[in-house]
Amino acid sequence: VQLQACGGGLVQAGGSLRLSCVASGLTFRDYATGWVRQAPGKDREFVAGISRSGGATSYADSVQGRFTISRDNAKNTVYLQMNSLKLEDTAVYYCAADHRIVGVVVVSDRDYDYWGQGTLVTVSS
């Protein structure tokens, strides 16, 4: 199983970025997916999750209303649209996947079985 994340970079506060994560080696539509981040010196933090069909989503309070998770099962890809970025959003962002029944969103970083390599998002003032 491989999860390849991309789209990170340097952006000014208030700006936007879209992360993408392409999965291979698994039946993507059978997996709930999500994004988890880790800032320097801090613990890993759940950011957003989406059910295998895309019909259910969940967000951390810190990103609710600013970030949107979505997926395209035909392209084996999950996205994270990040708007109104803040300095505290600076982190390495990881995509993750876990085999789940329909309708389940995985909201704990500890419950994901498969992880991508991470993409760095840096928000500057």
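Figured I'd write up the structure that's included with this text. (Residues numbered from 1 in each chain as written. Predicted model: local features only at pLDDT ≥ 70, side-chain atom pairs only at ≥ 80, totals over all residues. Heavy atoms only, no water.)

### Comments concerning the overall build of the protein chain
A count of helices and strands for the protein chain gives zero helices and 11 strands. When its helices and strands are written in sequence order, the protein chain yields β-β-β-β-β-β-β-β-β-β-β. Taking 125 residues into account, the globule formula puts the C-alpha radius of gyration at 14 Å, and the protein chain, at 13 Å, falls close to it. Each principal axis of the C-alpha distribution contributes one length, and for the protein chain these read about 40 × 25 × 25 Å. Out of the 125 residues in the protein chain, the part that is buried amounts to 44%. The contacts of the protein chain with a sequence gap of at least 6 include a subset with a gap of at least 24, amounting to 60%. Of the accessible surface of the protein chain, which amounts to about 6200 Å², a share of 45% is contributed by carbon and sulfur atoms. (Helix = DSSP H or I, 4+ residues; strand = E, 2+ residues; numbered from the N terminus. Rg over C-alpha atoms; globule rule 2.2 N^0.38 Å. Buried < 20%, exposed > 50% of the residue type's maximum accessible area, 1.4 Å probe, protein only. Contact = heavy atoms within 4.5 Å. Areas by Shrake-Rupley, 256 points an atom, 1.4 Å probe, with all protein chains shown as cover.)

### With respect to the pattern of salt bridges
Applying the stated criterion to the full structure yields six salt bridges. Arg 37 is paired through a salt bridge with Glu 45; the nearest N and O atoms lie 2.8 Å apart. With a shortest N-O distance of 2.7 Å, Arg 66 and Asp 89 are connected by a salt bridge. Of this pair, Arg 66 sits in the loop between β6 (57-59) and β7 (67-72) while Asp 89 sits in the loop between β8 (77-82) and β9 (91-99), and the two are 23 residues apart along the sequence. The same class applies to Arg 66 and to Asp 89, which are both buried. A single network of salt bridges, built from pairs that share partners, joins Arg 37, Glu 45, Arg 66 and Asp 89. (Salt bridge = Lys/Arg side-chain N within 4 Å of Asp/Glu carboxyl O.)

### A look at the pairing of strand β1 (residues 2-6)
Where burial is concerned, the two faces of β1 differ: the one with Leu 3 and Ala 5 is buried and the one with Gln 2, Gln 4 and Cys 6 is not. In this structure, β1 lies alongside strand β3 (residues 17-24), joined through five bridges in antiparallel fashion. Bridging across to β3, Gln 2 finds its partner in Ser 24. (Pairing = 2+ DSSP bridges.)

### Structural notes on the state of the cysteines
Inspection of the entire model under this criterion finds one disulfide. Two residues, Cys 21 and Cys 95, share a disulfide whose sulfurs are 2.0 Å apart. Here Cys 21 and Cys 95 share a disulfide; its torsion about the S-S bond, 55°, makes the bridge right-handed. With a gap of 74 residues between them, Cys 21 in strand β3 and Cys 95 in strand β9 connect regions that are remote in the sequence. For the pair Cys 21 and Cys 95, one class covers both residues: buried. (Disulfide = S-S within 2.5 Å.)

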